[in-house]
Amino acid sequence: MLLEARGVTMAFGGFKAVDNATVAVREGEILGLIGPNGAGKSTFFNCLTGDLTPVLGSVHFRGRNVTRLPPEARAALGIARSFQVPLTFEGMSVLDNVMIGAFLRTSSTADARDRARGVIERVGLGPFAHASARSLGTPGRKRLEIARALATEPRVLLLDEVMAGLTPTEMRQAIDLVRSIHASGITLVIVEHIMEVIITLAERVVVFHQGREIANGSPAQVTREPQVIAAYLGKRAAKAAHAATP
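Read on for an overview of the structure. Everything numeric in this text was worked out from a predicted model, so none of it was measured.

What follows covers the packing of helix 3 (residues 94-102) against helix 4 (residues 109-122). Where helix 3 contacts helix 4, the axes come no closer than 8 Å and their chain directions differ by 115°. By the angle between their directions, the pair helix 3 and helix 4 is classed as roughly perpendicular. Classified by chirality, the crossing of helix 4 by helix 3 is right-handed. Between helix 3, through Val94, Leu95, Val98, Met99 and Ala102, and helix 4, the contact on the second element is made entirely by Thr109, Ala112, Arg113, Arg115, Ala116, Arg117, Val119 and Ile120.

In this section: the nonpolar core. Leu157, Met163 and Leu188 are the most contacted members of the largest nonpolar core, which has 37 residues in total. Every element with two or more residues in this core is listed here: helix 3, helix 4, helix 5 (138-150), strand 7 (156-160), helix 6 (168-183), strand 8 (187-191) and helix 7 (195-201). Not counting residues within four places of it along the chain, the set of residues in contact with Leu188 comprises Glu29, Ile30, Leu31, Leu157, Leu159, Val178, Ile181 and His182. Residues Phe44, Leu48, Phe61 and Leu158 belong to the second largest nonpolar core, which totals 26 residues.

A few words on the sheet that holds strand 1 (residues 3-12). Taken together, the four strands give an open sheet; going across it, the order is 2-1-4-5, and neighbouring strands pair in antiparallel fashion. Every other strand in the sheet has two partners, leaving strand 2 (15-25) and strand 5 (64-65) as the edge strands with one partner each. In terms of strand pairing, strand 4 (residues 56-61) meets strand 5 through two bridges, oriented antiparallel. Among the inter-strand pairings, His60 is bridged to a residue of strand 5, identified as Asn65. Here helix 1 (residues 41-49) sits on the sheet in contact with strand 1, strand 2 and strand 4, set at roughly 120° to strand 1.

Turning our eyes to something else, we now look at the pairing of strand 2. Pairing geometry for strand 1 and strand 2, over seven bridges, is antiparallel. Looking at strand 2, one finds that Val8 is bridged to Ala21. Two successive antiparallel strands, strand 1 and strand 2, enclose a turn made up of two residues, where Gly13 displays a positive phi of approximately 65°.

Time to look at the side chain of Glu192. Counting through the fold element by element, Glu192 comes out in the loop between strand 8 and helix 7. In this structure Glu192 is buried but unpaired, with Lys142 as the nearest side chain of opposite charge at 7.3 Å. Of note is the side chain of Glu192, whose polar atom sits 3.4 Å from the backbone nitrogen of Met163.

What counts, and at which threshold
- Residues numbered from 1 in each chain as written.
- Predicted model: local features only at pLDDT ≥ 70, side-chain atom pairs only at ≥ 80, totals over all residues.
- Heavy atoms only, no water.
- Axes fitted to C-alpha atoms, helices over the stretch in contact; angles between N-to-C directions.
- Helix = DSSP H or I, 4+ residues; strand = E, 2+ residues; numbered from the N terminus.
- Parallel < 35°, antiparallel > 145°, perpendicular 65-115°, else oblique.
- Left-handed = near helix turned anticlockwise from the far one by under 90°.
- Contact = heavy atoms within 4.5 Å.
- Core = buried A, V, L, I, M, F, W, Y, C linked by side-chain atoms within 4.5 Å.
- Buried < 20%, exposed > 50% of the residue type's maximum accessible area, 1.4 Å probe, protein only.
- Pairing = 2+ DSSP bridges.
- Lys, Arg positive; Asp, Glu negative; His and termini not counted.
- Salt bridge = Lys/Arg side-chain N within 4 Å of Asp/Glu carboxyl O.
- Polar contact = N/O pair within 3.5 Å; in protein donor to acceptor, adjacent residues only side chain to side chain.

Taken by themselves, the reported measurements are silent on function.
Next up, the structure:
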């Protein structure tokens, strides 16, 4: 397995946000993480990336225990992420933001600039390379954050609700971008509320509820699960989601 959580538990005081979660991410797949608000998805995500250290359990990347490694060390190994609310350097240009990611792999400013330019073109931000990050709208800032992550040359990219707040047209464009990233050989883990996105992109889905995994399988399989319907989808949404699955 490329990335594994083994019995991960994350508690805040007496509240278990994630409770004994064991999830394996296979190299080359697109894994979706879904569940209602407060289900523990983002907390679990943060345990994978090193932004939180679980109180129990372990995280492994390519067979190595990385549970105690900070985010920057995991990034150096090949784990990159985006955030639910994009975290960009607002006063810096788009190019300079992406160069920060590129510097993880090179100490040469010229090389970092060349790499950053290539990634910016790849995500569709070429015309805005010298614009400030704060000048971008929500779709542009989300793409910028993905570009900065891609500049680190990850093996696995974890995307936290990159479709939130997008119009239908912007969402279709974002889906195309995610597909192109996956086609380049990068494994993807996607936290998302929008079932259309998960059904369209994910090969396998893990469903969280109250910090626990309640289902794991293809989109068609999980949308049939009674627990998933009761905890998250509801009967009408489940029927629509199942009808939309390939």
